[in-house]
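Examination of the molecular architecture
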Amino acid sequence: MSTGLSFRYQHDGDPNDDFGWLAVEVQGEQFSGKGGFWVQWQDVREFGEKLATNPILQGAPVEASWGYEPWEGDSIVVSVSVAPADTRGNLWVQVWLRDYTENGEGKPLNCVRTTFKTNYPDLENFRQGIAQLMDGKADEANLVGQ
C-alpha cells in the first residue's frame with residue numbers, strides 16, 4: 001500500500017481575489033481521504049516555505065490548518081503537521097480532513113485523521129512542488145510516504 005499526500009490548488013477566477021480551492025488527498029497507513037477548503041494562495045506558499053526550515057530537526061512540528069474561525073477543533077477543515085518520527089531522519093506526517101459543510105449542529109458529518117512516514121528528501125521535493133503549484137507551473141504537489 002502506497003502512502004502520501006497531494007495538494008492541488010485552483011484560483012477562484014477573480015484576478016483581484018487571493019482565494020482558491022486547496023484540494024487535499026491523503027493515503028495514510030490505515031486510512032485515506034479527500035477534502036479541501038477555500039484558502040489564500042499566500043498561506044499555501046508560506047506553508048511550503050516553512051517546510052525548508054529546520055525546526056523539524058529540533059522537535060517542533062511544521063503545521064498548517066485551514067477552516068472556519070476560531071480555527072480549532074471541529075472548525076478546522078484541513079490540517080497538516082510534519083514532525084520528527086525518530087533519530088534517523090524519518091518524519092511523521094499527520095493529516096486531518098473534515099467535511100467542508102456541517103451537519104446542522106455545527107459539526108462535520110465525516111472526517112479522517114491519518115498518519116504516514118516520510119523523509120527529508122521527499123519533504124524537499126514536496127516543498128519544491130508546492131512552490132511550482134503556487135507559481136502555476138504544476139498541477140499538483142505530492143509528498144511520497146515510505
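Before reading further, recall that the structure is shown in the block above.
All values reported here derive from a predicted model rather than from experimental measurement. (Residues numbered from 1 in each chain as written. Predicted model: local features only at pLDDT ≥ 70, side-chain atom pairs only at ≥ 80, totals over all residues. Heavy atoms only, no water.)

Overview of the pattern of salt bridges
Applying the stated criterion across every chain yields a total of four salt bridges. We note a salt bridge from Asp135 to Arg45, for which the minimum N-O separation is 2.6 Å. With a gap of 90 residues between them, Asp135 in the loop between helix H2 (120-134) and strand S8 (141-144) and Arg45 in helix H1 (residues 41-50) connect regions that are remote in the sequence. Owing to a relative accessible area of 45%, Asp135 belongs among the partly exposed residues under this scheme. (Salt bridge = Lys/Arg side-chain N within 4 Å of Asp/Glu carboxyl O. Helix = DSSP H or I, 4+ residues; strand = E, 2+ residues; numbered from the N terminus. Buried < 20%, exposed > 50% of the residue type's maximum accessible area, 1.4 Å probe, protein only.)

Side note on the packing of aromatic side chains
Under the criterion given, the structure shown has five aromatic pairs. Judged by centre distance (6.2 Å) and plane angle (35 degrees), the ring pair of Phe7 and Phe47 falls under tilted. One end of the pair, Phe7, is in strand S1 (residues 4-11); the other, Phe47, is in helix H1, with 40 residues separating them in the sequence. Accessibility classification places Phe7 together with Phe47 in one group, the buried group. (Phe/Tyr/Trp six-rings, centres within 6.5 Å; stacked < 30°, edge-to-face > 60°.)

Side note on the sheet that holds strand S7 (residues 111-119)
Strand pairing in a sheet is mediated by backbone hydrogen bonds. Such pairs are either parallel or antiparallel. On the basis of which strands lie adjacent, the open sheet formed by four strands has the order S4-S5-S6-S7 and antiparallel pairing. For this open sheet the edge positions go to strand S4 (62-67) and S7, each flanked by a neighbour on one side alone. Averaged over all neighbouring strand pairs, the angle between strand axes comes to 10 degrees, with direction disregarded. Relative to S7, strand S6 (residues 90-98) is paired through nine bridges, and the arrangement is antiparallel. By the bridge assignment, Val93 is partnered in S7 with Phe116. (Pairing = 2+ DSSP bridges. Axes fitted to C-alpha atoms, helices over the stretch in contact; angles between N-to-C directions.)

Some words on the packing of H1 against H2
The interhelical angle for the contact between H1 and H2, taken along N-to-C directions, is 155 degrees, at an axis separation of 8 Å. Classified by the interaxial angle, the pair formed by H1 and H2 is roughly antiparallel. Of the two possible hands of crossing, H1 and H2 adopt the one that is left-handed. Contacts between H1 and H2 involve Trp41, Val44, Arg45, Phe47 and Gly48 on the former and, on the latter, Phe126, Arg127, Ile130, Ala131 and Met134. Its residues assigned to classes, the contact of H1 with H2 shows seven nonpolar, one polar and two charged. (Parallel < 35°, antiparallel > 145°, perpendicular 65-115°, else oblique. Left-handed = near helix turned anticlockwise from the far one by under 90°. Contact = heavy atoms within 4.5 Å. Nonpolar A, V, L, I, M, F, W, Y, C, P; charged D, E, K, R; others polar.)

Details of the nonpolar core
One finds Leu5, Phe7, Val44, Phe47, Phe126 and Ile130 to be the most contacted residues of the largest nonpolar core, which totals 31 residues. With five residues, the top contributor of residues to this core is H2. Leave out the neighbours within four places in its chain, and Phe7 touches Leu22, Ala23, Val24, Val44, Phe47, Val80, Phe126, Ile130, Leu133, Asp139, Glu140 and Ala141. (Core = buried A, V, L, I, M, F, W, Y, C linked by side-chain atoms within 4.5 Å.)

Some thoughts on a nonpolar patch on the surface
A grouping of Phe19, Trp38, Tyr68 and Tyr100 is seen on the molecular surface, where their side chains present a nonpolar patch of about 360 Å² in accessible area. Residue placement: Tyr100 occurs in the loop between S6 and S7. Classification of Tyr100 by relative accessible area gives partly exposed; the value is 33%. (Patch = residues over 30% accessible without salt bridge, like charges linked within 9 Å, V, L, I, M, F, W, Y side chains within 5 Å. Areas by Shrake-Rupley, 256 points an atom, 1.4 Å probe, with all protein chains shown as cover.)

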